[in-house]
Amino acid sequence: MTNALFLRKLLFWPQPWAAQVFMLLWVSLLILAPVGGQFATEIKSVISLHPPWTTLFKGETVTLTCKAFQINAPQKIKWYRWYLPGEIQYKTTGNTYEVHESGGYKCQAQDSHSSDRVDLIFSAANLILQAPSDVFEEDSVVLRCQAKANIVLNNMTLYKNGKILKILNKTSDFRIHQASMKDSGEYYCSGVKDTHSVSSNKIQIVVQELFPSPVLRASSTQPTEGHTVTLTCESQLSLQRPEGQLQFRFVKPSTMSEWRISPEFQFSPIRRENSGSYWCEARRINSLVQKRSQELQIQVQEIVPDVRIHSHPEFVFEGLELVLICSVSGVPRPTISWYKKQHRLRKDRELQTSSETEFKVPVVQNSDAGEYYCIARNSRFSIKSNSVIISVKVPVSQPVLTLRPLETWTLVREMSLQCEVQRGSLPIRYQFFHEDVLFKEIKSSSGRKVLHRLSPTEKPFGSYYCTADNGLGPQRSAAVMPVSQPVLTLSPPGTRTLVGNEVRLQCEVQRGSSPIQYQFFHEDVLLTKIEATSWRTKSYSFSVTAEHSGNYYCTADNGFGPQSSETINLSVIVPVSRPVLTLRTPRAQAVVGDVVQLHCEAQRGSPPILYQFYHEDVTLGSSSSPSGEGASFNLFLKTEHSGNYFCEANNGQGVQRSYPVSLSVKVPVSHPVLTLRTPRVQAVVGDILEIHCETQRGSPPIQYQFYRENVALGSCSSLSGGGTSFNLSLTTEHSGNYSCEADNGLGVQRSEAVSLSVKVPVSRPVLTLRTARAQVVVGDVLELRCEAQRGSPPILYWFYHNNVTLETSTSHSGQGVSLNLSLTAGHSGTYSCEVDNGLGPQHSEAVTLFVMGLTGSKSSLIATSVTGGLLSVMAVAAVALLFYCWLLRKAGGKPTFDSSRNPSAPDPQESTYYNVPGWIELQPVYSNVNPNRGEVVYSEVWSVKKENKLTAASEPEPFKKTVSPMPCAPSHLRPTDLCPSPVCSFSQDSCVIYSQVKGASTAASKPQFLDPLTPHR
């Protein structure tokens, strides 16, 4: 049914004058009250420079900063645009942009207009004048006359409008401490390079106002007395100098207000005496800049009649027509403006302005309900009517029933039912049903939703719905019911996946009223919440990492209590990382026989992991780790185990190999073997002895130490392994036990002791003849004493008479031996002796003896007998000699006696001692050395050439001798320095050797030797 609402003319009825004045003032206040604060302008971006110059040298950089002064906080600005020229050059998320090219730049921040253009010049000139892009009143301005680097200019001068402003002597800067309008003008600078003048660019500086001269405005210049009139002083600080704040004051001739922050001044109410001329002044706080507005005339008018609005009937239904009528009485016909109050906004919404007194709404909506008023205006006044409230009756919309848990929880979970309509005129009656049975009714006069708390007896299952009715017809909600148990599925299907794959969890219920709250859990930790309003399925996707292994489930809840799905286990397979191989040895240096542990471990990777161990690409073994930890492999070290080791890890997702680790296995030295090497079977004094020490195994380098009777002789190092040697020139003191040690840092090993016996060859013996008188005669006893001064025992002695062996004797003590003869006439002749200890015989010098015979026949008989005996002996000796030579020739040898024994065949290299002439009297003792002195006698031995033989033979001494060549003996008991080669040897020099011999009186004693480290003299 359609009804029409007519608002009749509101007739003016008489009211008290004061009431009319109050009404006029109230209307005036609504019309004339301005928005507080400074006048709003469009939001504009502002661009600033760092450094602040607009002219720079090429190659320099300027940072542009874009700012927007707006209500939104700076952090809400998401982008900035930069223009050159006019087109978008770049878009950034930050408010800075670096440039190094000339041009006119602009910027624009989000939700604001673009900034003013800033022209930048990157000059190649030798001299530039630099100034800031914007100069405002009271700014401290620096003008910089800047020369290019490495260019020196003199007589720097600054010009303004073509006239010299300043001579710049010691500085390139000119400062204007407080800029004003008079500082505007054209500036440039110049300088002198050599004899040429150099001028800079010209800069036009325009000093801008901090704020414009204010404009005074009034909410009404012809207000009706009793109304509220607001004066507004309009001015604002430049957006480029927003710092500080403006102060305002209002002036009427003969009176003025105090300085204030607010730009408004109210007359409430205004009276006729307030008519007059007004102006306002503005200044910035803590500034000397002050400006004044133009004057404004205000003329207060007399009071006019009232205006009213009326409506009938009181209630309006949605869908019908609404007509509002504004009644004006007692004034000329004005224009009528219709308004609807906006309680949340400071300014009401104007609906219509016309000369008509009616305002029609053809089809009333619920949104048309509210408070309305009208304003009548003409050239003299503006009057606001009373307000009328229009209430629109709206049928209720379909309610929505939801279940919500209570804010508090008990041991038994409680919840409430909420029934809500989106529209509908109050009051509304709500009814709650469970399985079509009404169990609760609630009437609401203040809101469009109600809550009902379910009691413990009301079971939270089954079907629920609610109805809503405001007298224009009931509406029923959709039924709601608890969710079923959700089902959680994985996509892609399967319970195993690789790291990095995308996995989607899908939770679905077969029944349940919306909205449904889904929750996804991993090991009871909430992953996410998702609300479904129209579908019963929700998904959650994520990229898999190693931490995502475990149990997953989801819950669904639409207010009746959460339902949990079955648990699904997800195993995340992590490929193994590069393993790390660690070699663990019982000591710092690995030694043969040690047990080394090879431990291979990957920091990440899903078990089981198979570890494989390698030595120089040869497989040693493998081990599996079911738990994902590392694995070990023990190796009993041998020499061949030196080299590079690595391991591999594999869990079926690819093999990873460790970096190689090097192992050096040292071999301790074995017991060394000491070998003594001599040029003959029997070591003899003067031989070179090579001492060789060698181990069968051992890692180089090996240090060898040589010992004699546990006294160190020296050491040698073998850098490549094997043995080493050094040589000794043997002396008698070198007999004894020898040993050696080998050491390569892993323990010292000592050889078995080797005994060395050094034999001394016998020296040339000395034959001494001793008789009772100076001249021997037949019948005397002759003692032949043969003794070698040195020689290792046993020594075999031979006595010769005319090179015929008389007798042999052995000395086991090394002392000389004697032979006694009862002289006959046949004993005259030469005597000699020979010694031999197996190292070569030595023959003494021959000594001649003359035996005097007896007188008379007796002498003749004796002589005859002696002669016969001698001849017989000689015959026997000749036969024996021939037989002996035959034996030697048969055996490939030579006679045992020296050819020197035979005077007829002397050695051409050896001189022979001859007997003294017959006229020299024989001494009681015959010797080839001085037998009468008890001190040591030295005989010099040197090498003699062949021609020396004649010189020796011509000497007139009684006993002449020849010198046989002898080899130069090595330094006594002194080993050579060790050499870098494995063989250590001692050098030998040719030198004069002195042998030491005791006198005849001490012939029986042992030979004496000099200190082995002292040269023989």
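Think of each chain on its own: its residues are numbered from 1, step by step along the sequence as written. Per-residue local features of the predicted model are confined to residues with pLDDT of at least 70, and side-chain atom pairs are confined, for both listing and counting, to 80 or more; whole-chain, interface and lining totals are unaffected and use all residues. No hydrogens and no water enter the side-chain calculation; it runs on all heavy atoms of the structure.

Draft legend 1. How the structure looks around the overall build of the protein. Numbered from the N terminus, helices here are DSSP runs of H or I no shorter than four residues, and strands are runs of E no shorter than two. From N to C terminus, the protein includes three helices and 81 strands. Type-normalised accessible area, obtained with a 1.4 Å probe on protein chains alone, sets the label of each residue: buried when under 20%, exposed when over 50%, and partly exposed for intermediate values. Per-residue burial for the protein yields a buried fraction of 41% across its 1017 residues. Only the protein chains shown count as covering a residue, and every accessible area follows the Shrake-Rupley method with a 1.4 Å probe. Carbon and sulfur atoms form 52% of the exposed surface of the protein, whose accessible area is close to 55,000 Å².

Draft legend 2. Broad picture of the sheet that holds strand β72 (residues 781-787). Strand order across the open sheet formed by three strands is β71-β72-β75, with antiparallel pairing between neighbours. Since the sheet does not close on itself, it has two edges, and those belong to β71 (766-770) and β75 (817-822), each with one partner. Mean inter-strand twist for the sheet, computed between neighbouring axes without regard to direction, equals 20°. Strand pairing is defined by DSSP finding a minimum of two bridges between the two strands. The pairing of β71 with β72 spans five bridges and is classified as antiparallel. Paired with Val-766 across the two strands is Glu-787, which belongs to β72. Axis angles are defined between N-to-C directions and span 0 to 180 degrees, where every axis is a line fitted to C-alpha atoms and, for a helix, only to the segment in contact.

Draft legend 3. Fine view of the sheet that holds strand β6 (residues 88-92). With mixed pairing, the five strands of this open sheet are ordered in space as β3-β9-β8-β5-β6. On the outer flanks of this sheet lie β3 (55-57) and β6, each paired with one strand and no other. The mean inter-strand angle of the sheet, taken between neighbouring strand axes irrespective of direction, is 25°. Where β3 lies against strand β9 (residues 118-123), three bridges are found, and the strand directions are parallel. Pairing of Leu-56 across the sheet is with Phe-122, part of β9.

Draft legend 4. Layout of the environment of Gln-696. Secondary-structure assignment places Gln-696 in the loop between β63 (688-694) and β64 (702-708). Distance from Gln-696 to Pro-672, taken between C-alpha atoms, is 7.1 Å for residues 24 residues apart in sequence.

Draft legend 5. The arrangement of unusual backbone geometry in detail. Residues His-50 and Pro-51 are joined by a peptide bond in cis, for which omega reads 0°. For Pro-51, the position within the fold is in the loop between β2 (45-50) and β3. Following Leu-426, the chain continues to Pro-427 via a peptide bond in cis, the omega torsion being 0°. Among the structural elements, Pro-427 can be located in the loop between β38 (415-420) and β39 (428-434). In this structure, Asp-524 takes a positive phi of about 65° despite not being glycine. Residue classification places Asp-524 among the exposed residues on the basis of a relative accessible area of 60%. The phi angle at Glu-616 is positive, at roughly 50°, despite the residue not being glycine. Glu-616 sits in the partly exposed class, given a relative accessible area of 40%.

Draft legend 6. Main features of the state of the cysteines. When the sulfur atoms of two cysteines come within 2.5 Å, that pair is taken as a disulfide. In the structure shown here, the tally under the stated rule is nine disulfides. Two residues share a disulfide in this structure: Cys-66 and Cys-107, whose sulfurs sit 2.2 Å from each other. Its S-S torsion of approximately 80° makes the covalent link between Cys-66 and Cys-107 right-handed. Of this pair, Cys-66 sits in strand β4 (residues 62-68) while Cys-107 sits in strand β8 (residues 103-109), and the two are 41 residues apart along the sequence. There is no split in this pair, since Cys-66 and Cys-107 are both buried.

Draft legend 7. Examining the confidence of the model for the protein more closely. Model confidence for the protein is summarised by a mean pLDDT of 77, while 76% of its residues fall at 70 or above. When the criterion is pLDDT under 50, residues 406-412 qualifies, and its contacts beyond four places in sequence or with other chains add up to four contacts. In this model residues 891-1017 is a low-confidence stretch, pLDDT under 50, and it forms 210 contacts with partners more than four residues away in sequence or in other chains. One confidence number per residue, pLDDT, is output by the predictor and ranges from 0 to 100. For this analysis, residues touch if any pair of their heavy atoms sits within 4.5 Å.

Draft legend 8. Highlighting the pairing of strand β25 (residues 276-284). Burial runs high along β25: eight of the nine residues are buried. Strand direction decides the pairing type here: β25 and strand β26 (residues 290-292), joined by three bridges, are antiparallel. Bridge pairing links Ala-282 to Lys-291 in β26. Where β25 folds back on β26, the antiparallel hairpin that results is connected by five residues, among which Asn-286 adopts a positive phi of roughly 60°.

Draft legend 9. Spatial organisation of the packing of aromatic side chains. Two aromatic rings, drawn from Phe, Tyr or Trp (for Trp, its six-membered ring), form a pair once their centres lie within 6.5 Å of each other, and the interplanar angle then sorts them: stacked below 30 degrees, edge-to-face above 60, tilted otherwise. The final tally for this structure, using the stated rule, is 18 aromatic pairs. Where Tyr-339 meets Tyr-373, the ring centres are 5.3 Å apart and the plane angle is 10°; that geometry is what we call stacked. In this pair, Tyr-339 sits in strand β31 (residues 335-340) while Tyr-373 sits in strand β34 (residues 370-377), placing the two residues 34 residues apart along the sequence. With respect to burial, Tyr-339 and Tyr-373 carry one shared label: buried. Relative to Phe-646, the ring of Tyr-614 has its centre 4.9 Å away and its plane inclined at 15°; by these criteria the two rings are stacked. Placement of Tyr-614 in strand β55 (residues 609-615) and of Phe-646 in strand β58 (residues 643-650) is noted, with a sequence separation of 32 residues between them. Among the residues examined, Tyr-614 registers a relative accessible area of 13% and is labelled buried. Here Phe-646 falls in the buried class, since its relative accessible area comes to 6%. An aromatic cluster of at least three residues, connected via ring pairs, comprises Phe-250, Phe-265, Phe-267 and Tyr-278.

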